[in-house]
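# Geometric and topological summary
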Amino acid sequence: MKTITLTPWPIYPVMSGGQERCWNLTKHLNEPTVFSLDWTGGSTHQRVEGVNYKTIGADPAAIAQAKLLMQSGVKTFDPMPMLTKKKLDTIRREIDNSDPDLIILEHPWMSDLTEGRPYIYDSHNCETLNTRQQFPYSLDVDLVANLERRATQQAEHMTYTSEQDLKAMRQLYPFTTPVTHIPNGVTLPDIIATGEELILIFIGSLYGPNIQAAKELISLAPLLKEYKIRILGNVCSVLETPYDNVELIGVVNDKQLDYYFRTAHAFINLTQTGSGTHLKIGRALAYGLPVITTPVGGRGYQTPLITSIANVPDSIRSLRRNWKQHSDSSRAEAELITWDIVGEKFRQVVNGLQ
C-alpha cells in the first residue's frame, strides 16, 4: 500500500512543535514519503532519516494570488491551499503521479488536494478554536471552520492530541469518523535536571498566546526575587523587562537548549488561550523538570501542577519541599510518550487501514 504524508509547509529541518510531530510520526511509517508545500516556490528532493522527502514549490500564480488575498484581509497562510487550489498545479501533479492508496493529512489545510483519495487526518489541535482566539473578526474563522469540518467528516480515520481537543471538535462538527489518541511525543535526554539552581524557564515561538504567557511570567519577577527567570525562543523579539532577574535569551540551538533545560529548576507555562498540547511541556517532562502551568497550558498531560497565575509564586516555592518527587513524576510520564512509542502506535493506525 502506497502512503504519502501531505504537509502545508516544509517540516525538515525540524524547527517547531508542529514540524516535530509531523516528522517523528512519519519516520515510523513503512517506506515513508512526504510531500511538503513550499510557499517560497522552492523544490527539493532528498532521502533523510529514512524518509523520502520532497518540498514542492507553490506555482507562481498561486503565490501571487495568496499575496493578494493577504492584502484583502486573510490573516494567515493556513487556508491558502484551499483558496488557491486551482493554481497549485505542481503539487497536484506530483500527487497524481505518485497515485497513493492512502494520504496522511497533517493539519486540515490541504484536504482539497486529496481529491477523493482516502486519508487519515492527523489533527494537531482544534484549529477553529485557535483561529477564533487569534483572529476573532477575520475572514479566517469561517475559512478554517470549513476546512476543519470537512477534514474531520471526510477522513477514513482521525488522530487527536488531547481529549479536550476532541471534545471541542465534536461540539463544533458532528462526525462519526473513527478516532485514535496519538499524543505528542518526546525524546528522552541522557542527562536530566537536578533542580539545584533556582532558575525558571519558558520557551515560546512568536505566537500570540506565547507572547501573553511570557509577559505574565515577567510580571511575576518582583514576587520571585530569589529566582532567575529565563525566556527562550523568538518570542523574546517582542518582549522587554525592567527586572534584573529576567533574562530574554532568544533563539537557541539544540545544544544550548539542552543546557537551559538541564540547569533549570522548573518550567513555567502561563498560556491562557489556544488548543492542542504543548511539545515544550513534553520536553520539560523529559528532562525531569517539574512543570507549573495554567489549565490551558497543561492540556493533555498528567503530572504538571495546574494553578492560576495569581498562585504561581506560591506553587513555585512549594516545589522546594518535594522537588525530587515532582521530578520523578515528570520523567515517568515522559517515558510513556517517547516518539518511538507514539510513532509505533501511529504506524499501527495507518497499517490498520491497509
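We now turn to the structure provided with this report. Predicted model, so just to flag it, every value in this text is computed and none were measured.

### A look at helix H8 (residues 208-219)
With twelve residues, H8 extends 17 Å from end C-alpha to end C-alpha; this agrees with the ideal 16 Å at 1.5 Å per step. Turning to H8, its buried residues number three or more, namely Pro-209, Asn-210, Ala-213, Ala-214, Glu-216, Leu-217 and Ile-218. Buried residues along H8 sit against strand S9 (199-203), strand S10 (228-232), strand S11 (246-250), strand S12 (266-269) and helix H10 (279-286).

### Examining the state of the cysteines
The bond known as a disulfide is covalent and runs between the sulfur atoms of two cysteines. Scanning the entire structure with this criterion turns up zero disulfides. Cys-126 provides the cysteine sulfur closest to Cys-22, a residue in no disulfide bond, and the two sulfurs are 17 Å apart. Cys-22 sits in the buried class, given a relative accessible area of 1%. Looking at Cys-126, the relative accessible area reads 0%, which means it is buried.

### A look at unusual backbone geometry
That bond from Tyr-12 to Pro-13 is cis: its omega, 0°, falls within 30 degrees of zero. Along the chain, Pro-13 turns up in the loop between strand S1 (3-7) and helix H1 (17-27). In this model, Glu-115 sits at a positive phi of 45°, which is unusual for a non-glycine residue. You can see Glu-115 is positioned in the loop between strand S5 (102-106) and strand S6 (119-122). For Glu-115, a relative accessible area of 40% puts it in the partly exposed group.

### Points about the pairing of S10
Counting buried positions over the five residues of S10 gives four, a clear majority of the element. Summarising the sheet, S9 and S10 pair through five bridges and their orientation is parallel. In the strand pairing of S10, Leu-200 is matched with Ile-229. In this fold, the crossover linking S9 to S10 by way of H8 has right-handed handedness. Direction of pairing for S10 relative to S11: parallel, over a ladder of four bridges. Opposite Arg-230, over in S11, you have Glu-247 as the bridge partner.

### Some thoughts on the pairing of strand S7 (residues 157-160)
Alternating positions in S7 separate into two faces, His-157 and Thr-159 on one and Met-158 and Tyr-160 on the other, with burial throughout. Direction of pairing for S6 relative to S7: parallel, over a ladder of three bridges. Of the residues in S7, the one forming a bridge with Asp-122 is Thr-159. Assessed by its sense of winding, the connection that carries the chain from S7 through helix H7 (residues 163-172) to strand S8 (residues 179-181) is right-handed.

### Looking at the sheet that holds strand S14 (residues 305-306)
As summarised here, the arrangement of the six strands in space is S11-S10-S9-S12-S13-S14, forming an open sheet in which the pairing is parallel. Across the chains shown, the open sheet's two edge strands, defined by having one partner strand only, are S11 and S14. Two strands pair when backbone bridges link them, and S12 and strand S13 (residues 291-293) are joined in this way by three bridges, in the parallel orientation. Bridging from a neighbouring strand, Phe-267 pairs with Val-291 of S13. Packed onto the sheet, H10 meets S9, S12 and S13 and runs at close to 165° relative to S12.

### A word on the pattern of salt bridges
A full pass over the atoms with the stated rule returns 14 salt bridges. One salt bridge in this structure joins Lys-85 and Asp-112, with 3.6 Å as the shortest N-O distance. Of this pair, Lys-85 sits in the loop between helix H3 (80-83) and helix H4 (89-98) while Asp-112 is found in the loop between S5 and S6, placing the two residues 27 residues apart along the sequence. Exposure remark for Asp-112: the relative accessible area of 13% places this residue in the buried category. One salt bridge connects Asp-258 with Arg-262, and the closest N-O pair in it is separated by 2.7 Å. Linking Asp-258 with Arg-262, this pair stays in helix H9 (residues 254-262), spanning four residues, or about one helical turn.

### Points about H9
For H9, the full list of buried residues reads Leu-257, Tyr-260 and Phe-261. Take H9 and look down its axis: the buried residues cluster within an arc of 100°, on one side only. In this structure, the buried residues of H9 make contact with S9, S10, S11, S12 and H10. Here H9 starts with a cap whose side-chain oxygen sits 3.2 Å from the backbone nitrogen of Lys-255, and that cap is Asn-253.

### Brief notes about the packing of aromatic side chains
One pass over the structure, following the stated rule, counts eight aromatic pairs. Each ring, one from Trp-23 and one from Tyr-53, has its centre 5.6 Å from the other, and the planes form 85°; the classification is edge-to-face. Of the two residues, Trp-23 is situated in helix H1 and Tyr-53 in strand S4 (residues 51-57); the sequence distance between them amounts to 30 residues. Like Tyr-53, Trp-23 is buried. Here the aromatic rings of Phe-202 and Phe-267 are separated by 6.1 Å at their centres, their planes lie at 45°, and the arrangement is tilted. In this pair, Phe-202 is assigned in strand S9 and Phe-267 in strand S12, connecting sequence segments 65 residues apart. Classification of Phe-202 by relative accessible area gives buried; the value is 1%.

About the cut-offs
- Residues numbered from 1 in each chain as written.
- Predicted model: local features only at pLDDT ≥ 70, side-chain atom pairs only at ≥ 80, totals over all residues.
- Heavy atoms only, no water.
- Helix = DSSP H or I, 4+ residues; strand = E, 2+ residues; numbered from the N terminus.
- Expected span 1.5 Å × (residues − 1).
- Buried < 20%, exposed > 50% of the residue type's maximum accessible area, 1.4 Å probe, protein only.
- Contact = heavy atoms within 4.5 Å.
- Disulfide = S-S within 2.5 Å.
- Pairing = 2+ DSSP bridges.
- Right-handed = clockwise from strand over helix to strand, strands pointing away.
- Axes fitted to C-alpha atoms, helices over the stretch in contact; angles between N-to-C directions.
- Salt bridge = Lys/Arg side-chain N within 4 Å of Asp/Glu carboxyl O.
- Arc of directions from axis to C-beta.
- Polar contact = N/O pair within 3.5 Å; in protein donor to acceptor, adjacent residues only side chain to side chain.
- Phe/Tyr/Trp six-rings, centres within 6.5 Å; stacked < 30°, edge-to-face > 60°.

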